[in-house]
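Coordinate analysis (summary)
The residues making up each chain are set out below.
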Amino acid sequence: MTATPSPTPDRTPGTQAAPRAGKRVLLAAPRGYCAGVDRAVIAVEKALEQYGAPVYVRHEIVHNKYVVKTLEKKGAIFVEQTDEVPEGSIVMFSAHGVAPTVHEEAAARGLATIDATCPLVTKVHREAVRYANEDYDILLIGHEGHEEVIGTSGEAPDHITLVDGPDDVANVEVRDEKKVVWLSQTTLSVDETMETVDALKTKFPGLVSPPSDDICYATQNRQTAVKQMGADADLVIVVGSKNSSNSVRLVEVAKGAGARDAHLVDEAAEIDPAWFDGVETVGVTSGASVPEVLVDGVLADLATRGYEDVEIVKAAEESITFSLPKELRRDLRAEAAALAAGTRAAG
Ligand code: SF4
């Protein structure tokens, strides 16, 4: 049997922990599911209940192995492209968003679509369209090949140039230096993105900034919490999948904040005993696509190694929620209305 970790009261945001002897865990808050991931996962579950299995999902609904496997068991089928979805079926688009051409392909195949793109990604798509309509060159800071970047770039392929970090800035060319704007992927490192922006501003002094942050609240809050614990931690364990951009960034942020060592694990089974040599304080956090059950597994594993004392390091409160995709809300409302009408008729 594993010992149950015992959380202690939260540390005041921004303060350093008093030096303490003995093994302990610093548990980041917030961590795990963000509003966009929560909405996308619930959307697949509701779609399965509403329409029955299978429901096809283009790409992993969120970047987490456990979530994908759990939804597969319930009847979701994950595909890479819409042409793998049988004609007339339902296909859901993932939280990372898709290019307009993907909507067109789905329509051409007669597929019913549910768009689970996170509203904060949709916001970046709209900014891209608006600046492209005003004929700006758009410098999109993001990671090459990431689904979100592919989706956003597809909104204005003739106007968008990808900038993959500060080292990429030297290669960037624009048509008119007075008409350039930067946008970004939602899940980047805040600090590295600002480094890239600074380098771009040096090269293009007239560079316009987006009206509000593109890096989302969840990414920022999780990085802030890790920064607060990083300097105190000998080891930071980030729960998340390797293809999860925001999870990978948390490992980098932990190391940047002073953690001696930091690792990404999908689940407790991937924890390596060799990491604990001389380790007293272990920081734990999780990416925005990670269900809490996986963090519980890591805490239980740490408790068996003597790290039972858990202190919460709280960086922010989160209360944001997003409503389900509109196509699903429409069908759920229609079904509720039909049921109500049936009940009235029967009464
Ligand atoms: S990480 Fe941010 S942008 Fe991505 S799904 Fe979550 S809230 Fe939306």
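All values reported here derive from a predicted model rather than from experimental measurement.

Looking now at the overall build of the protein. Of the regular secondary structure elements, the protein holds ten helices and 13 strands. A globule of 347 residues ought to have a C-alpha radius of gyration of about 20 Å, and the protein, at 22 Å, matches this closely. Taken over 347 residues, the protein has a buried fraction of 43%.

Moving on to the sheet that holds strand β3 (residues 55-58). The strand order across the open sheet formed by four strands is β4-β3-β5-β6, and the pairing between neighbours is parallel. Each edge of the open sheet is held by one strand with a lone partner, namely β4 (76-79) and β6 (112-115). Here the strands of the sheet are splayed against their neighbours by 30° on average, with no regard to which way each runs. Pairing of β3 with strand β5 (residues 90-93) involves three bridges; the strand directions are parallel. What sits directly across from Tyr 56, in β5, is Val 91.

Another aspect to go through is the UniProt feature "binding site: dimethylallyl diphosphate" (unreviewed entry) in the protein. Per the UniProt record, "binding site: dimethylallyl diphosphate" (unreviewed entry) is annotated on His 63, His 96, His 146, Ser 244, Ser 245, Asn 246 and Ser 289. The buried category is assigned to His 63, around which 28 C-beta atoms lie within 10 Å. Beyond its immediate sequence surroundings of up to four residues, His 63 is in contact with Ser 241, Asn 243, Ser 244 and Ser 289. One can find Ser 289 in the loop between β12 (281-286) and α9 (292-304). Ignoring anything within four residues of it in the chain, the contact list for Ser 289 reads Val 37, Val 62, His 63, Asn 64, Val 67, Gly 240 and Ser 244.

In space, the three strands of this open sheet follow the order β8-β7-β9, with parallel pairing throughout. Since the sheet does not close on itself, it has two edges, and those belong to β8 (160-163) and β9 (180-184), each with one partner. Geometrically, the sheet is characterised by an average inter-axis angle of 30° between neighbouring strands, direction not taken into account. Examined bridge by bridge, strand β7 (residues 137-141) and β8 share four bridges and lie parallel to one another. Residue pairing for β8: Ile 138 is matched across the bridge by Ile 160. The sheet strands contacting helix α4 (residues 119-133) are β7, β8 and β9, and the helix crosses β9 at an angle near 165°.

On to the confidence of the model for the protein. Here the protein averages 93 in pLDDT, and 94% of its residues register 70 or above. Segment residues 1-6 is flagged for pLDDT under 50; beyond a separation of four residues in sequence, or across chains, it makes 15 contacts in the model. Confidence over residues 12-18 falls short of pLDDT 50; this stretch has six contacts with residues more than four positions distant or in other chains.

Attention now moves to α4. The end-to-end C-alpha distance of α4 is 21 Å, a good match for the 21 Å that 15 residues give at a rise of 1.5 Å each. Those residues of α4 that sit buried are Leu 120, Val 121, Val 124, His 125, Glu 127, Ala 128 and Tyr 131. One side of α4 holds all its buried residues, which, seen down the axis, span an arc of 160°. Exposed residues on α4 whose side chains face more than 90 degrees from its buried face are Arg 126 and Asn 133. On its buried side, α4 packs onto α1 (35-51), β7, α5 (147-153), β8 and β9. Two residues or fewer after α4 comes Asp 135, characterised by a positive phi angle close to 65°.

This part covers the domain arrangement of the protein. In terms of domains, the protein is made up of domain 1 (6-34 + 217-314), domain 2 (35-118) and domain 3 (120-203). For domain 1 versus domain 2, the distance between C-alpha centres works out to 31 Å. On the domain 2 side, the residues contacting the twelve residues of domain 1 number ten residues. Residues belonging to the side of domain 1 that touches domain 2 are distributed by class as follows: six nonpolar, four polar and two charged.

Omega for the bond connecting Ala 29 with Pro 30 falls within 30 degrees of zero, at 0°, which places this linkage in the cis form. Note that Pro 30 resides in the loop between β2 (24-29) and α1. Along the chain, Ala 53 connects to Pro 54 via a cis peptide bond; the corresponding omega equals 0°. Relative to the helices and strands, Pro 54 resides in the loop between α1 and β3. In this structure, His 59 is a non-glycine residue whose phi angle is positive, near 70°. Inspection of the secondary structure assignment puts His 59 in the loop between β3 and α2 (65-74). Here His 59 falls in the buried class, since 22 other C-beta atoms lie within 10 Å of it.

Cut-offs and rules
- Residues numbered from 1 in each chain as written.
- Predicted model: local features only at pLDDT ≥ 70, side-chain atom pairs only at ≥ 80, totals over all residues.
- Helix = DSSP H or I, 4+ residues; strand = E, 2+ residues; numbered from the N terminus.
- Rg over C-alpha atoms; globule rule 2.2 N^0.38 Å.
- Buried ≥ 20, exposed ≤ 12 C-beta atoms within 10 Å, placed from the backbone.
- Pairing = 2+ DSSP bridges.
- Axes fitted to C-alpha atoms, helices over the stretch in contact; angles between N-to-C directions.
- UniProt positions renumbered as here; feature names shortened; annotations may be inferred.
- Contact = placed C-beta atoms within 7 Å.
- pLDDT = per-residue confidence, 0-100.
- Expected span 1.5 Å × (residues − 1).
- Arc of directions from axis to C-beta.
- Domains from an automatic or database assignment.
- Nonpolar A, V, L, I, M, F, W, Y, C, P; charged D, E, K, R; others polar.

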